[in-house]
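Secondary and tertiary structure notes
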Amino acid sequence: MTNERNPYDIDNEEYRALFKRIEDGGKRFAQDAEREQNIKREYVEDQDELDFLDDIAPDSVRSTRSMPDNGKAPQHAKKKPNPANKNAKSGGMFPDLGSVAETAKNLFKKDASKGEKMTAPSDGKKASPTGATKTAPNGKKKVSLLKKLYKSSVVTFAACLVLFGFISAVDKNKTVSEEENRALAEKPKFSFSSLFSGKYTVEFENFYSDNFPARNFFISCNNKISDVFTRFSAGDDGEVMISTEKKDEDFIGEGVDLLGDKKKQGMKENTAAVTPDSEASIQGSILIAGNRALEIYYHSDENAKNYASIISKTAKAMPEGVKFYSMLCPTAIEFYGTAQYREGVHSQRDSIQKIYSMYDPAVITVDAYSNLVDKVTDYIYFRTDHHWTARGAYCGYKAFCDVSGNTATPLESFATHKLDGFVGSLYKTSQASVLKENPDYVECFDLSVDAQNMVYPTKDMISTDGVPTYVVAREVNDTNKYLAFIAGDQPLEKITTSVKNGKKALVIKESYGNAFVPFLCNNYEEVYVTDPRWINMNLTDFVATNGINDVIAVNYMFAIGNKTYCNALNSMTN
Amino acid sequence: MVFSSLFFLFVFLPVTLIAQHFAADIKLKNIIILAASLFFYAWGEPKWIIVMILVSLVDYGAGLLIDRNRNTPIAKWAVAGASVLTLGALIIFKYLNFFTGNIDSLFGTEIQTNISLPIGISFYTFQALSYVVDVYRGDVKCQKSYYKLLLYVSMFPQLIAGPIVRYSDIEKEINKRKITYRSISTGITRFVIGLFKKAFFANMLGEIATTYLDGNLSKTSLVQAWIGIIAYFFQIYFDFSGYSDMAIGLGKMMGFSFPENFRYPYISKSVTEFWRRWHITLSSFFRDYVYIPLGGNRKNHIFNLLVVWVLTGFWHGASWNFMLWGFYYFVLLVLEKKVYGEKMAKLPSVVQHIYTIFAVLIGWIFFYFEDMSKVGKLFASLVGAHGFAAAGDGVMFKNRILLFVVAIIAVTPLMSILSKKLKKFAKRYKHGKEIVQIFTIVFQVAVLFISVCCLVGSTYNPFLYFRF
């Protein structure tokens, strides 16, 4: 009986043991809870895998962290909003950067006081274990450094956006982009009809991005990024291939603006074009080899046939006694590309031969190719532009003289001048910095005869419409220095020279003809130049009316596949 | 307006975020976000914004009706009516052209319609629909206030490209949101990562893909075809998940938590797993509102799968190729479930990864080309029917090798794991978190800067007097 104990009668020892068990259980429970919390947290982290920089720990966990021992009162985050938090939120837009910097100095000190998490800092102020925000000695409510940093992150981001947004709203004085050779988009005029059709907002966005502050800076930065990720090349001979997206209608040629709106006067609406399937698998690519840009050529039987028939048709349409010449000019890749870009489907030599063999006998062919091969070590092609140089064009001139019975004026007899700093079209499309760093120059051969050049918008050559211009310019105020030759692409030009031999020539060309024309001035009294894309006229009538003796069609190999040009040329004869 | 437009980034976004941040109370915040969302939508779709407003109105009304007439036939009629009207809007605006076109070619009639597709209609109709069904099922309370429901449907971060947010995801947040600088900062990080995915990866890779896949396919070499389709494989992930990241980040900045949409889908070991990681909100939508109501795997399992996957495919676009794409996945998933799934799981994981990537890669071919004859031509190119390599292919590939390398790294969780490790390491030090946060700020600004460079760079549009 005495051994039987009252279950409520517990002595001190047992009591303590029991209590300990309960306490342990409690601790275990707490540990379990914490573990569970951790699992949950990890789950959240998994959910949030992309937020790899986010601090996942919940606020409550973070709030027990202590501050560096720098004499400042510890600041603690709190879950519930309190006056201090409110203060943090509505306080100035910018955090106190000075204090951020000051405390940042202590950041790299390893936490040596792990055991003192809850102890007070040196000034004796009591740390609040509940995490309540304390008031610093000066009475100002303070926020923890971490919170400040969170805030600075938000403020920095907002500042970046607002700053640029603001600058873009006030800074609008550029209207032309020289780099891109185009006018920047203008602010669209508002109307409800354009708004509802969706046109207004599209145009507005274009206007906005075209006028973005420091646009050229960002573009050049992007260029640097591309150099690494899409134009990466190892080694000195590293080649870079750049694919370019081009639309046929973009290729309307470029000339000095002499005629203003009248330039389009003589044009006619482009008729529907046949679309031959391209022989190339991709639209077009530029190969950068060393500091030279080369455009890859693809032969197409269909294009060749089409071009040959147009030229034959034009030749047959010439009045009796008029001689018709065709000169096809290869491009630089034929001479400066490695073998793989010159063989098979890429061979311009084969292309030229095929086309020449398809011509009607009325066409007299001009072999510029062989002369260019001979001069391949000379500066006959630009490296940054798709054109040939005047020196290259001279090879064509010589070949023409050989078949036409003219005497070629020796190249050495011309005085020359140079236009420096020419970075051409292939740079503009490829944006390869190596081209910009190694600009071309334009070598001009001055005329040894007197010549007056008049530009006309229409075939009638009405004298009041005519605008005088140069044959070879002394200087060119444009990034496109190739405009030095006959003011670029114009509808119709008439050059009258001091060669009083009564001979008249007509050059039908795109821009490859521009460098060629000045040399003809030595052999003809009158040289007419026309660019089919800019004019609407009947060639047969024009040649007959003006008493022209020789007609020369000058084209480079890429013109053959160009619908705009071929259609324009086709429409000039019946 | 898209998130990757400069106007959005530097005008719309700061104005909206700052205005709603400093708004006095939640009601004003909601009104500001709603107004901004409507402006955002009207900017791109000034006419058809009315469809969105009406669809929300119908589903709002249906919700009220269901709520007042619980367990009566009226509730049933309401949910049915709202579904018909909501899906009707989707069908008319998205699929009518397709249907009439096919009827024309079958029967020689001339009823072809030409309706332009309103932006984001595939997303917001699903959201509105899920709300009505959830109310009917009693999963969520009906929203008594129209503007709040419209806010849910039209909220600009998820409006045009998902994720498909369920009403239950943000039900509470419409009335009460907890916003801290920390959560905003997290949102910013997420947003800039998404922007980077779009501006850097997707745009650069997209350029490669279109170069090869939009060219003359009967001349495309084996190398070109593979580079093209691999570039597209990456592009579509970066594009789509980038948009989702931006949406989630924007949501976070304003106090909303949107569901995850992508979880590294390209590291999947099976097609089944791929679809658990790819466009998660869409597959769970079809699971919850089509597959399970049809009977799931209890009855007509195969048929249910077929319906779900053809619909999933068709949802991506009104064209046969998308249905074929869905059907392709139906076949693969059935094969995995019934034929080789278990055997596959025993193979080395490398084999499983290669199988999955290959299967997905082939899938994207159906996805890319609406014209079936092009699919055939591309397959021919892929096996070398049009030559092994054209001149310059080697150079082309070499130039872009680094892009592909970083793209491969970026589709895996490698960076995420690394940063987590780094963070854990930093936590051992006093003020490790602060250092991490300083790094975060630098990271945010740097990534934003690079993205803006890419975006501005893509507006570089030289006038090409190139050829002449």
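The rules behind these values
- Residues numbered from 1 in each chain as written.
- Chains lettered and ligands numbered in written order.
- Predicted model: local features only at pLDDT ≥ 70, side-chain atom pairs only at ≥ 80, totals over all residues.
- Heavy atoms only, no water.
- Helix = DSSP H or I, 4+ residues; strand = E, 2+ residues; numbered from the N terminus.
- Pairing = 2+ DSSP bridges.
- Axes fitted to C-alpha atoms, helices over the stretch in contact; angles between N-to-C directions.
- Core = buried A, V, L, I, M, F, W, Y, C linked by side-chain atoms within 4.5 Å.
- Buried < 20%, exposed > 50% of the residue type's maximum accessible area, 1.4 Å probe, protein only.
- Contact = heavy atoms within 4.5 Å.
- pLDDT = per-residue confidence, 0-100.
- Patch = residues over 30% accessible without salt bridge, like charges linked within 9 Å, V, L, I, M, F, W, Y side chains within 5 Å.
- Areas by Shrake-Rupley, 256 points an atom, 1.4 Å probe, with all protein chains shown as cover.
- Salt bridge = Lys/Arg side-chain N within 4 Å of Asp/Glu carboxyl O.

This part takes up the environment of Val467 of chain A. Within the secondary structure layout, Val467 of chain A lies in strand β11 (residues 467–469). Residues Val467 of chain A and Asn453 of chain A, spaced 14 residues apart in sequence, show a C-alpha to C-alpha distance of 8.4 Å.

The next point concerns the sheet that holds strand β4 (residues 285–289) of chain A. All names here are of chain A. Strand order in the open sheet formed by 3 strands is β3-β4-β5, and the pairing between neighbours is antiparallel. The strands lining the two open edges of the sheet, one partner per strand, are β3 (239–243) and β5 (292–295). Here the strands of the sheet are splayed against their neighbours by 25° on average, with no regard to which way each runs.

Ranked by internal contacts, the top residues of the largest apolar core, which has 274 residues, are Trp388 of chain A together with Phe191 and Trp364 of chain B. Considering each element in turn, this core owes the most residues, 19 residues, to helix α10 (residues 222–254) of chain B. Discounting chain neighbours no more than four positions away, the residues touching Phe191 of chain B are Phe157 of chain A together with Phe8, Leu9, Leu13, Asp245, Met246, Gly249, Leu250 and Met253 of chain B. Judged by nonpolar contacts, the second largest core, of 10 residues, contains Ile242, Ile288, Val423 and Ala432 of chain A.

A few words on the confidence of the model for chain A. All names here are of chain A. Looking at chain A, the pLDDT average stands at 75 and 66% of residues meet or exceed 70. Low pLDDT, under 50, characterises residues 43–136; the stretch is placed with 162 contacts to residues that sit more than four places away or in other chains. Counting contacts from residues 269–277, a segment whose pLDDT is below 50, to residues more than four positions away or on other chains yields 14 contacts.

This part takes up the pairing of strand β6 (residues 323–329) of chain A. Residue and element names in this part refer to chain A. Burial of β6 is extensive: 6 of the 7 residues sit out of reach of the surface. Judged from the 7 bridges that link them, β6 and strand β15 (residues 550–556) form a sheet pairing that is parallel. Across the sheet, residue Phe324 finds its bridge partner in β15, namely Val551. Looking at chain direction, β6 and strand β7 (residues 363–366) are connected through 4 bridges and run parallel. Paired with Tyr325 across the strands is Ile364, a residue of β7.

Residues and elements named next belong to chain B. Residues Leu87, Ile91, Phe99, Ile103, Leu106, Phe107 and Ile111 make up a contiguous nonpolar surface patch of about 650 Å² in total accessible area. As for its position among the elements, Phe99 is in helix α4 (residues 73–107). Using a relative accessible area of 34% as the deciding quantity, one classes Phe99 as partly exposed.

Turning next to the pattern of salt bridges. Inspection of every chain in the model, using the stated rule, returns 20 salt bridges over all chains. Ionic pairing is found between Asp531 of chain A and Arg533 of chain A, a salt bridge with its closest N-O pair at 2.8 Å. For Asp531 of chain A, a relative accessible area of 0% gives the class buried. Taking the relative accessible area as the measure of exposure, Arg533 of chain A reaches 6% and is therefore buried. One salt bridge connects Asp288 of chain B with Arg166 of chain B, and the closest N-O pair in it is separated by 2.9 Å. You can see Asp288 of chain B sitting in helix α12 (residues 280–294) and its partner Arg166 of chain B sitting in the loop between α7 (156–159) and α8 (167–175), a full 122 residues away along the chain. By relative accessible area, which is 17% here, Asp288 of chain B ends up buried. When salt bridges that share partners are traced, they join Asp489, Lys509, Asp531 and Arg533 of chain A into one network.

Next up on the list: the environment of Gly547 of chain A. All names here are of chain A. If you trace the backbone, Gly547 turns up in the loop between α17 (539–545) and β15. Accessibility expressed as a relative area gives 37% for Gly547, which makes it partly exposed. C-alpha of Gly547 to C-alpha of Asp420: the two residues are 127 residues apart in sequence and 40 Å apart in space.

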